[in-house]
Amino acid sequence: MGLTIFVLWRFFGASFLGFLFLHGFCACDKAPHFSFVHNANSAPEVSYYDYIIIGGGTAGCPLAATLSENASVLLLERGGSPYGNSNITNLSSFGAALADPSPSSPSQRFISEDGVINARARVLGGGSCLNAGFYTRASPDYVRNVGWEGRLVNESYKWVEDVVAFEPTMRQWQSAVRDALLEVGVSPYNGFTYDHISGTKIGGTIFDQQGHRHTAADLLGYANPSSLTVFLHASVRRILFRTKGRARPLAHGVIYRDGSGGKHRAYIRRGSKNEIIISAGAIGSPQLLMLSGIGPINQLKAHNISVLMEQPVVGQTMSDNPMNAVFVPSPVPVEVSLIQVVGITQFGTYIEAASGANFAGGTTSRDFGMFSPKIGQLSTVPPKQRTPEALAKAIEAMEQLDESAFRGGFILEKIMGPISTGHIELTSKDPNQNPLITFNYFKEPQDLQRCIDGISIIERVIDSTSFSNFRLDNLSTPELLNMTANSPVNLLPRHSNTSKSPEQFCKDTVMTIWHYHGGCQVGSVVDREYKVVGVDALRVIDGSTFNASPGTNPQATVMMLGRYMGVSILRERLAMAMATATQEL
């Protein structure tokens, strides 16, 4: 058993990333056919619209669908479609997407300067095509602090939920975690709810009862097909501004390239309410502002970018909620489940779990699913070290494992906020190249203390009576923690016997939960209407504007925000039209 578990943990890091981030990829074979979705190769050289949205992700899709109700809209997405690709739609093929390093891959890997392996979405529907599917609203306090209109927030959540949110089917593993959380005092029990409430609850999921994923791309079904144009594989190079004779720059167009490198221009029609809206995500949005001449002047000059407006806080105050997890091998088979139960503690830590009857996906295939050396941790090793000999040795070790070694699940904790922040730095003028990204995990002591408290809850859950059927008697909780600490979950140095130092355990085993945000925050880069400060006809609407990650998972709120702001913008447009009509009378 000891050798089995040791070898298993050699592959823990990337397998966990693969499980949470890619398991059950987008939608199903019964994909909608959107007549307004085209490859950018077919785009005209020059075109005109009322609104241009850059980024067809979790916020961009609901925003585009809403605005198309009463305006002409162009949605530009640098990735491809989530529909019709067997590597995306088939559960059995999900590992192929993680292994795919090509420019058309739906996920783009990066490693933060902190040494944490991460990925950003590159597909219509954004991160909702890649995540673990958990659906939960932001808390009422979060909504009040942001200053959103409560009634419209609730209506917008409902608009999203009618298409993408479902109640999960609870089985043994998730039920045991739920009962264990209550046993150790994470109470009260709030049952199934989309609401963010302290205690233990069952949250929503974007997987339906047949196990098919529903994403933000599905929200395009709300669109007016005669008013919306979506171009895929459309990489926006920069935003164009008018400055002559103006007190403030006016955004009026974009330059983008198609998948073959063809150059296109799109402009907004003249009109006081027509706009360009960036929804490129927490990394893409600040990156595009800088590439367009808005950002820290030292970065712009370093890359010979003409300075439109010095804005030193663009790309700053970036945050990623740190995650730490413990794998618990099970003596009995467990169901495949993604995040369904969450324990929301009073001290700012969230406890969640995932499980798999066989994480390997069937060892008889000799590919080992997400544990495969071809797509797992070896894929993060520099290519020169990823030799055929190293690959063959890893595969041989995997073939010696008993199938029971892959049984079990993860119990993880994520901290609220976080308080610690970092930044991004441009590496080139190519928007498809990742910038340098630093998150400064646990830089602030309060973040580290929350992690310590969360690990303490996980230990108690593992040792609880409610969870006893799913843990091996011969492996103590400290041994499980030490195995985690010795596994390659990130690229940070290791320390010995970290189970005796929870502070060191948190630092050594930190991973991402893909909830990064900031870089274009409200109150610094954009105002409360999400308009970029200092320029006209330009907004940013996505998670880059968040000062903290909402709820236990932000995707519901990001989708809600797209709908919410779409309705708000159309209200402004209608009010302007009515005022103009009144004046003409």
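So, a few notes on the structure that sits alongside this text. Throughout this description, residue numbers start from 1 for each chain and increase along the sequence as written. Where totals are concerned, whole chains, interfaces and linings use all residues; where local detail is concerned, this predicted model gives features only for residues with pLDDT of at least 70, and gives and counts side-chain atom pairs only at 80 or more. By convention in this description, side-chain values take in all heavy atoms of the structure and omit both hydrogens and water.

**Let's talk about the sheet that holds strand S18 (residues 316-318)**
Adjacent strands of a sheet form backbone hydrogen bonds with each other and so pair up, either parallel or antiparallel. Strands sit in the order S18-S23-S24 across an open sheet of three strands; the sheet is antiparallel. Only two strands of the sheet have a single neighbouring strand rather than two, namely S18 and strand S24 (436-438). Going from strand to strand, the sheet's axes swing by 35° on average, the running direction of each strand aside. As paired strands, S18 and strand S23 (residues 422-425) are joined by two bridges and run antiparallel to one another. Pairs of strands are assigned from DSSP output, requiring at least two bridges between the strands. A run of H or I in DSSP becomes a helix once it reaches four residues, and a run of E becomes a strand once it reaches two; helices and strands are each numbered from the N terminus. Only C-alpha atoms enter the line fits that serve as axes; for helices the fit covers just the stretch in contact. Angles between N-to-C directions range over 0 to 180 degrees.

**A short note on the side chain of His214**
Note on placement: His214 falls in the loop between strand S10 (204-205) and strand S11 (228-232). The buried label goes to any residue with under 20% of its type's maximum accessible area, the exposed label to any with over 50%, and the partly exposed label to all in between, with areas taken from a 1.4 Å probe on protein chains only. Residue His214 is classed as buried on the basis of its relative accessible area, which comes to 16%. Side-chain polar atoms of His214 contact the side chain of Asp208, separated by 2.8 Å. Ignoring anything within four residues of it in the chain, the contact list for His214 reads Val163, Val164, Phe166, Ile206 and Asp208. Nitrogen and oxygen atoms within 3.5 Å of one another constitute a polar contact, given that in protein one can donate a hydrogen and the other can accept it, and given that sequence-neighbouring residues count only through two side-chain atoms. Should any heavy atoms of two residues lie within 4.5 Å, those residues are counted as being in contact.

**Some points on the state of the cysteines**
Any pair of cysteine sulfurs within 2.5 Å is marked as a disulfide. One pass over the full model with this rule turns up one disulfide. In this model, Cys451 is linked to Cys506 through a disulfide, with the two sulfur atoms separated by 2.1 Å. With the S-S dihedral at roughly -100°, the linkage between Cys451 and Cys506 falls on the left-handed side. Of this pair, Cys451 sits in helix H12 (residues 445-462) while Cys506 is found in helix H14 (residues 502-508), placing the two residues 55 residues apart along the sequence. Just as Cys451 is buried, Cys506 falls in that class too.

**A few points about the sheet that holds strand S2 (residues 46-49)**
Spatial strand order, S2-S14-S13-S12: four strands in an open sheet with mixed pairing. The open sheet has two free edges, formed respectively by S2 and strand S12 (235-242), since each of these has just one partner strand. Strand after strand, the sheet turns through a mean of 25° between neighbouring axes, direction not considered. With five bridges joining them, strand S13 (residues 250-257) and strand S14 (residues 263-268) adopt antiparallel strand pairing.

**Regarding the environment of Ser42**
Within the secondary structure, Ser42 sits in the loop between strand S1 (37-39) and S2. In this structure the C-alpha to C-alpha distance between Ser42 and Leu232, which are 190 residues apart in sequence, comes to 9.9 Å. Here Asn39 takes part through its backbone oxygen, which lies 2.8 Å from a polar atom of the side chain of Ser42.

None of the figures reported here should be taken as evidence of function without further support.
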